[in-house]
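Here is how the chains run, residue by residue.
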Amino acid sequence: INAEYGEFKAETRQLLDIVAKSLYSEREVFLRELVSNAADALEKLRYRQVVGDEIESPDLEPSIQISLSDSLKSITIEDTGIGMTRDELIANLGTIARSGSKEFVKKTQVESGDNKGSNIIGQFGVGFYSAFMVGHHVTVMTRSAVPGSPGLVWNSNGADGYEIAEAVGIPRGTRIVIQLREDAEEFCRKDRIREVLQKHSNFVGFPVMLEGAQVNTVDPLWVRKASDITVEEHVELYQSLSARRDSPMYTMQFAVETPVSIKCVLYVPEFMPQIDISSMGNFGISLYSRKVMVQARNPKLVPEWLLFLQGVVDSEDVPLNLSRELLQESVIINKIKSVITAKMISYLNRQSKRDPIKFEKFYREFGRFIRIGMVTTESTSEREDLAKLLRFESTAEENGVLVSLDQYIERAKEDQKQVYYLCAPSREVALSSPYYESLSDAGYEVLLTYNKEDDVAMFRLESYKDKKICSAENANLPTTKSRDSTSTEDKLSDQDGKDLATWMRDVLGRETVKEVKITDRQHSQPAVVSVKNLTTLRHYLDMAPPEQKEASYKYLLHDNVTLELNPSHPIIRELSEMREGSPDIAGLVAAQLFDNALINANLVHDPRRMVPRINQLLDSLLKGRKGPAE
């Protein structure tokens, strides 16, 4: 009756192909789009009822019905929402770029001056046309909630145009019938549709019925009051999101309105998951918009150092006028990331004070991620907040006891201006280090780090609460009386020291070491090296390609390393005499002293090159000890 034919005003077959094939990475999301649109229609109807508008068939229960036909190879999505008039049908389905929901929100805000109409999920134009991802023909039957409106039928194959005609017997709301393509017939299987609904539309705010049975949870956990949620409910959601069988170590739930409106629940696993480049796609927080899932795991919602989190963020500000898969780099996503990051850092700081023992367990599992955050963040304030979470062993505590930077500062010397730390493979190695010896003699506590991530994190921190972060290797302590107490008979003269330093630099090669000098910095070691930016140097050596390692090593040492000789050490005194009588052996000893000092500073990249020299020294030692021939 009264059939009307129309052409798509702004769309062509090419543009429909873009919508159907390019905007979405998975075809199953067509169902998510159409269920979202149905929920929009029901929300619009509810609003009209709230403001007192007269409505057609007011006793109809709000619902979304999905039915399947294997014989007809079709799927039908039906709602009892606000429906459409002829003009709305042409406007909303005649142009992809037009959005009925978007226009509705604008209109209600103008009318009421508030956000009563803001609980609208989708933008009908693009969402509706996702039906052509799986269907070769789509029929829309609708009747507006405006009393006396006729029933209408809209037909299209998504190519040339559409047909609209009046029809009788159509109830209020909208029914969409999709004739499935041959390669999309999986979507007339009940188990497949249930799987898609529970994955993408499980928390739509109205009952979603599949063949007469409800398949969704209307009241999602994250929109409820935290005090009303049981531990068991949190465990169930966590395990559902993570596909793990453990319980969360920490649970954080919050809601904010600025700078972006979000409701969020986040879980810290009990144990650290294995995260590498190949498995990055398995991590991330699930993104929802008004209880409709946008993406199961969106890694862009948190910085990389928080990828161990599981959870859900639901934002009314996430736009759905384009494919949800195109939201990766949007401004809103970045705002959400900023809020989550700040909230999680603040939460972990509170937990560290509330239950230090539990937090220590967390740190032993996830401390690596905190250190990565320290290195990768570009925000100085965020880095300082993360620094509060760092934990280290300390020379002032027993083996295995962890302390924070705040604890270190609280018991630091009154005039101490530095936080001293030492990076070493183990506590035993650290305590035997010549760099620790100097600080220990001066009575300073030293934080101990056992991995390169800690070393780089401390280097990036630079300072904490007005105290400079200083590696033990770079500690520039004044000479103490105890160090200066060595008699002049047991110490090289100033001139002999200068001559030895000059000789050693010539022997080692000016292309190998920047400077050789005499110093009273240490007691027990004959020599140490000092490097202005030791952490950076270690990092560059680690990152250098294998084929460039040797060249990089020589270049960086020449430009950065100073060898400091202890004029009171017996080896240095003997070497000063030996260089005159046995210059060849003295040269070997000088080179080995330099390498020993580099080993103490963890700067030797290939110790195998020392083996021929050590063998020569052993040979000379054994020959010197051999008695007269019999």
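Residues numbered from 1 in each chain as written. Predicted model: local features only at pLDDT ≥ 70, side-chain atom pairs only at ≥ 80, totals over all residues. Heavy atoms only, no water.

A. Representation of the sheet that holds strand S10 (residues 250–256). Taken in spatial order, the five strands line up as S10-S11-S14-S12-S13 in an open sheet, and their pairing is mixed. In the strand order of this sheet, the two ends are held by S10 and strand S13 (292–298), each with one partner. Within the sheet, the average angular offset between the axes of one strand and its neighbour, ignoring direction, is 15°. Where strand S12 (residues 285–289) and S13 come together, four bridges link them in antiparallel fashion. Among the inter-strand pairings, tyrosine 288 is bridged to a residue of S13, identified as methionine 293. Running over the sheet, helix H8 (residues 331–354) touches S10, strand S11 (262–268), S12, S13 and strand S14 (310–315) and is turned about 130° from S10. (Pairing = 2+ DSSP bridges. Helix = DSSP H or I, 4+ residues; strand = E, 2+ residues; numbered from the N terminus. Axes fitted to C-alpha atoms, helices over the stretch in contact; angles between N-to-C directions. Contact = heavy atoms within 4.5 Å.)

B. Here's a closer look at the pairing of strand S21 (residues 527–531). With five of five residues buried, S21 is to be regarded as a mostly interior element. As defined by bridge partners, S21 adjoins strand S22 (residues 561–565) across five bridges and the pair is classed as antiparallel. Bridging from a neighbouring strand, valine 531 pairs with valine 561 of S22. (Buried < 20%, exposed > 50% of the residue type's maximum accessible area, 1.4 Å probe, protein only.)

C. Local environment of a negative patch on the surface. A cluster of acidic side chains, namely Asp496, Asp499, Glu574 and Glu577, defines a negative patch on the protein surface. Listing elements by their share of the negative patch, those giving two or more residues are helix H15 (494–508) and helix H18 (570–581). Here aspartate 496 shows up in helix H15. (Patch = residues over 30% accessible without salt bridge, like charges linked within 9 Å, V, L, I, M, F, W, Y side chains within 5 Å. Areas by Shrake-Rupley, 256 points an atom, 1.4 Å probe, with all protein chains shown as cover. Salt bridge = Lys/Arg side-chain N within 4 Å of Asp/Glu carboxyl O. Lys, Arg positive; Asp, Glu negative; His and termini not counted. Charge placed at Lys NZ, Arg CZ, Asp CG, Glu CD.)

D. Fine view of the packing of aromatic side chains. Counting across every chain of the model gives 17 aromatic pairs. Aromatic side chains phenylalanine 362 and phenylalanine 366 sit 5.3 Å apart centroid to centroid with 25° between the ring planes, which places their arrangement in the stacked category. You can see phenylalanine 362 and its partner phenylalanine 366 sitting in helix H9 (residues 356–376), four residues apart, about one turn around the helix. The class of phenylalanine 362 is buried, set by a relative accessible area of 0%. Through a chain of ring-to-ring contacts, the aromatic side chains of Tyr250, Phe308, Tyr347, Phe359, Phe362, Tyr363, Phe366 and Phe369 assemble into a single cluster. The ring of tyrosine 444 has lysine 413 sitting right over it, with the charged end atom 4.4 Å from the ring centre. (Phe/Tyr/Trp six-rings, centres within 6.5 Å; stacked < 30°, edge-to-face > 60°. Lys NZ or Arg CZ within 6 Å of the ring centre and 35° of its normal.)

E. Region of interest: the environment of valine 235. Here valine 235 lies in helix H7 (residues 231–242). Residues valine 235 and threonine 251 lie 16 residues apart in sequence; the distance between their C-alpha atoms is 9.4 Å.

F. Looking closely at the pattern of salt bridges. Inspection of every chain in the model, using the stated rule, returns 30 salt bridges. Measuring nitrogen to oxygen at the nearest pair gives 3.3 Å for the salt bridge that ties glutamate 78 to arginine 175. Taken as a pair, glutamate 78 in strand S3 (residues 74–79) and arginine 175 in strand S7 (residues 173–180) lie far apart in primary sequence, 97 residues in all. In this structure, arginine 613 engages aspartate 595 in a salt bridge whose closest nitrogen and oxygen atoms are separated by 2.9 Å.

G. Representation of the confidence of the model for the protein chain. Looking at the protein chain as a whole, the pLDDT averages 84, with 82% of positions reaching at least 70. Across the protein chain, the element-wise mean pLDDT spans from 48 in helix H4 (residues 100–112) up to 98 in S3. Note on residues 113–125: pLDDT under 50 across the span, and 49 contacts to partners over four residues away in sequence or across chains. Contacts from residues 481–485, a stretch scored under 50 in pLDDT, to residues over four places away or in other chains number 10 contacts. (pLDDT = per-residue confidence, 0-100.)

H. Spatial organisation of helix H14 (residues 452–461). Every buried residue of H14 is listed here: Asp454, Asp455, Ala457, Met458 and Leu461. Projected onto a plane normal to the axis of H14, the buried residues spread over an arc of 165° and lie on a single side. Backbone nitrogen of glutamate 453 and a side-chain oxygen of the N-cap are separated by 3.1 Å at the start of H14; the cap is asparagine 451. Phi for glutamate 462, located one or two positions after H14, is positive at around 70°. (Arc of directions from axis to C-beta. Polar contact = N/O pair within 3.5 Å; in protein donor to acceptor, adjacent residues only side chain to side chain.)

I. Inspection of a nonpolar patch on the surface at higher detail. Where nonpolar side chains cluster on the molecular surface, the patch consists of Ile614, Leu618 and Leu621 and spans about 240 Å² of accessible area. Structurally, leucine 618 is set in helix H20 (residues 611–625). We classify leucine 618 as partly exposed; its relative accessible area is 43%.

J. Spatial organisation of the nonpolar core. Counting 99 residues, the largest nonpolar core has Phe362, Leu405, Met504 and Leu563 as its most contacted members. Considering each element in turn, this core owes the most residues, eight residues, to H8. Core analysis: the next-biggest nonpolar cluster, separate from the first, contains 44 residues, Val29, Leu31, Ile64 and Leu93 among them. (Core = buried A, V, L, I, M, F, W, Y, C linked by side-chain atoms within 4.5 Å.)

K. Inspection of the pairing of S14 at higher detail. Across the six residues of S14, six count as buried, placing the element largely inside the fold. Along S14, one buried face is formed by Gln310, Val312 and Asp314 and the opposite face, lined by Gly311, Val313 and Ser315, is buried too. Relative to S14, S11 is paired through six bridges, and the arrangement is antiparallel. Opposite leucine 266, over in S14, you have glycine 311 as the bridge partner. When S12 meets S14, the two strands line up parallel, connected through three bridges. Counterpart to tyrosine 288 in the pairing with S14 is aspartate 314.

L. Region of the structure containing the sheet that holds strand S8 (residues 208–210). Across the sheet, which stays open at both edges, the nine strands sit in the order S1-S6-S5-S4-S7-S3-S2-S8-S9 with mixed pairing between neighbours. This sheet does not close on itself; its edge strands, each paired only once, are strand S1 (4–7) and strand S9 (213–214). Judged from the three bridges that link them, strand S2 (residues 64–69) and S8 form a sheet pairing that is parallel. Paired with isoleucine 64 across the bridge in S8 is valine 208. Against the sheet, helix H6 (residues 190–200) contacts S2, S3 and S8, and its axis sits at roughly 165° relative to S8.

M. Examining the packing of H15 against H18 more closely. Axis separation between H15 and H18 bottoms out at 10 Å; the angle between their running directions is 70°. What the angle tells us is that H15 and H18 run roughly perpendicular. Counted together, Asp496, Asp499, Leu500, Trp503 and Met504 of H15 and Ile572, Leu575, Ser576 and Arg579 of H18 form the full contact between these two elements. (Parallel < 35°, antiparallel > 145°, perpendicular 65-115°, else oblique.)

N. Geometry of the packing of H9 against H14. In the contact formed by H9 and H14, the axes pass within 9 Å of each other and the chain directions differ by 45°. The angle between H9 and H14 falls in the class oblique. In this structure, the crossing between H9 and H14 has a hand that is left-handed. Contacts from Tyr363, Arg368, Arg371, Met374 and Val375 in H9 reach Glu453, Asp454, Val456, Ala457, Arg460 and Leu461 in H14. Considered class by class, the residues forming the contact of H9 with H14 number six nonpolar, no polar and five charged. (Left-handed = near helix turned anticlockwise from the far one by under 90°. Nonpolar A, V, L, I, M, F, W, Y, C, P; charged D, E, K, R; others polar.)

O. Region of interest: the environment of leucine 598. Counting through the fold element by element, leucine 598 comes out in helix H19 (residues 583–600). Judged by its relative accessible area of 0%, leucine 598 falls in the buried class. For the pair leucine 598 and leucine 557, spaced 41 residues apart in the sequence, the C-alpha separation amounts to 9.7 Å.

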